[in-house]
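What follows is each chain in one-letter form.
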Amino acid sequence: KKREYENITEFILLGLFSNEDVKTPCSVIFSLCYLAIFSGNLAILLTIRGSHLHEQPMYFFLSYLSFVDVCFTSTVAPKLIIDLLVQWNTISFSGCMSQMFHAHFFGATEIFILVAMAYDRYVAICRSLHYVVIMSRRACYILVMTAVIGVFIHSLMHVLIMIQLPFCDPNQIDHYFCDVFPLLELACTDTRLLKIIIVTTTGVLSIMTFVALVISYVIILSTLRTRSSEGRHKALSTCGSHIMVVLMFFLPLIFTYVPMTDSVSNDKVFALFYTMIAPLFNPLIYTMRNADMKNAMKKVWDPHKLLEGT
């Protein structure tokens, strides 16, 4: 039996935990994670912008990835931390739509940047003679702008669909941020077709992108067999970092938007991976396994140089 339509003006986010005893410790943990995400990605962004690395396409994309990671996490983390700390878990209808838009916008932008980084590595290794022409600065800007326009339309379409739906009381979202599937559960209408459309557009697109990335890295790795030992080691180190980031981001995303069960609690755990954990580990992955980044950080953040600058 369908619930009676209510003019919903705000939603209640049920959050990650129902146990009151773990909320305060978890708010502290997530606060530290958010601080690490913000400072780590900002350090990468400033290092690339302040060194010769910004001239290389790979680091051009990496700087945008760091920026998007900070924006993506900032869309959900502050609200999550506040809700856990002071138990103020309401969000206005417009605030919910805004959060959903920005989460999809920055999340989808990250997907396209990861694709661009994989394409950059493919061209650098498999078509090295034409690398400078193919991956020109103009081409890099075109890739980024195309991604931004595409994901803006994608995110806007999700919001336009949601604002047309009638929502029912109780207005409780079983999640820690406003996302498509938890919101569809509150709609006072049959949403099976919409779920199929979202799974088709977002879920299948995520799977296809992930498969395409895996195939590209298989081609890259097979090409490396003909390279020298030194060149192979450097390329493997770079590609290894990319593969780790792709796995950490895409697998939870696929499990979320291609639901195998009706359990939303699993979606909340998966969402933590691509909203908090992946952005937390990205700076470590791209600095600890990258000699160029480590050398650039030593030069940019050299204490003597910083003192001279002041």
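Predicted, not measured: the structure shown is a model, and the values here were computed from it.

**A few points about helix H7 (residues 192-223)**
- When the terminal C-alpha atoms of H7 are compared, their 45 Å separation across 32 residues agrees well with the 46 Å that a helix rising 1.5 Å per residue should span.
- The sharpest bend along H7 measures roughly 30° and falls at Val-199.

**Some remarks on the UniProt feature "transmembrane region" (unreviewed entry) in the chain**
- Those places that UniProt annotates as "transmembrane region" (unreviewed entry) correspond, in this numbering, to residues 28-48, 60-81, 101-119, 140-163, 196-224, 236-257 and 269-288.
- Overall, residues 196-224 shows 97% helix and 0% strand. The separation of its end C-alpha atoms is 41 Å.
- Between the C-alpha atoms that bound residues 236-257 the distance is 31 Å, and the span itself is 100% helix and 0% strand.

**Focus: helix H2 (residues 57-86)**
- The end-to-end C-alpha distance of H2, which contains 30 residues, comes to 44 Å, matching closely the 44 Å that a straight helix rising 1.5 Å per residue would cover.
- In terms of burial, H2 is largely enclosed, as 23 of its 30 residues are buried.

**Details of the side chain of His-175**
- Inspection of the secondary structure assignment puts His-175 in the loop between strand E3 (172-173) and helix H6 (180-184).
- Given the relative accessible area of 1%, His-175 is considered buried.
- Non-local contacts of His-175, meaning those with residues more than four positions away in its chain, are made with Leu-13, Leu-14, Gly-15, Pro-182, Asp-267, Lys-268 and Ala-271.

**Considering the state of the cysteines**
- Applying the stated criterion across every chain yields a total of one disulfide.
- Note on Cys-33: no disulfide assigned, nearest cysteine sulfur contributed by Cys-26 at a separation of 10.0 Å.
- The exposure class of Cys-33 is partly exposed, given its relative accessible area of 21%.

**Brief notes about the nonpolar core**
- In this structure, Phe-11, Phe-30, Phe-61, Leu-62, Met-162 and Leu-183 are the most contacted members of the largest nonpolar core, which totals 85 residues.
- It is helix H3 (residues 93-126) that contributes the most residues to this core, 17 residues altogether.
- Excluding residues within four positions of it along the chain, Leu-62 makes contact with Ile-44, Ile-48, Met-117, Tyr-286 and Met-293.

**What to know about the pairing of strand E1 (residues 10-13)**
- Of the two faces of E1, the one holding Phe-11 and Leu-13 is buried and the one holding Glu-10 and Ile-12 is not buried anywhere.
- In terms of strand pairing, E1 meets strand E2 (residues 90-92) through three bridges, oriented antiparallel. When the bridges of E2 are listed, Phe-11 appears paired with Ile-91.
- Bridging between E1 and E3 involves two bridges; their strand directions are parallel. Looking at E3, one finds that Ile-12 is bridged to Gln-172.

**Side note on the packing of H3 against helix H5 (residues 137-163)**
- Across the interface, H3 lies against H5 with an axial gap of 9 Å and an inter-helix angle of 150°. Here H3 lies roughly antiparallel to H5, going by the angle between them. H5 is crossed by H3, and the crossing has right-handed handedness. Along its contact with H3, which presents Phe-93, Met-97, Met-100, Phe-101, His-104, Phe-105, Ala-108, Thr-109 and Phe-112, the element H5 presents Ala-147, Val-148, Val-151, Phe-152, His-154, Ser-155, Leu-156, His-158, Val-159, Met-162 and Ile-163.
- The class makeup of the residues in the contact of H3 with H5 is 15 nonpolar, five polar and no charged.

What counts as what
Residues numbered from 1 in each chain as written. Predicted model: local features only at pLDDT ≥ 70, side-chain atom pairs only at ≥ 80, totals over all residues. Heavy atoms only, no water. Helix = DSSP H or I, 4+ residues; strand = E, 2+ residues; numbered from the N terminus. Expected span 1.5 Å × (residues − 1). Bend = angle between axes of the 7 residues up to and from the residue. UniProt positions renumbered as here; feature names shortened; annotations may be inferred. Buried < 20%, exposed > 50% of the residue type's maximum accessible area, 1.4 Å probe, protein only. Contact = heavy atoms within 4.5 Å. Disulfide = S-S within 2.5 Å. Core = buried A, V, L, I, M, F, W, Y, C linked by side-chain atoms within 4.5 Å. Pairing = 2+ DSSP bridges. Axes fitted to C-alpha atoms, helices over the stretch in contact; angles between N-to-C directions. Parallel < 35°, antiparallel > 145°, perpendicular 65-115°, else oblique. Left-handed = near helix turned anticlockwise from the far one by under 90°. Nonpolar A, V, L, I, M, F, W, Y, C, P; charged D, E, K, R; others polar.

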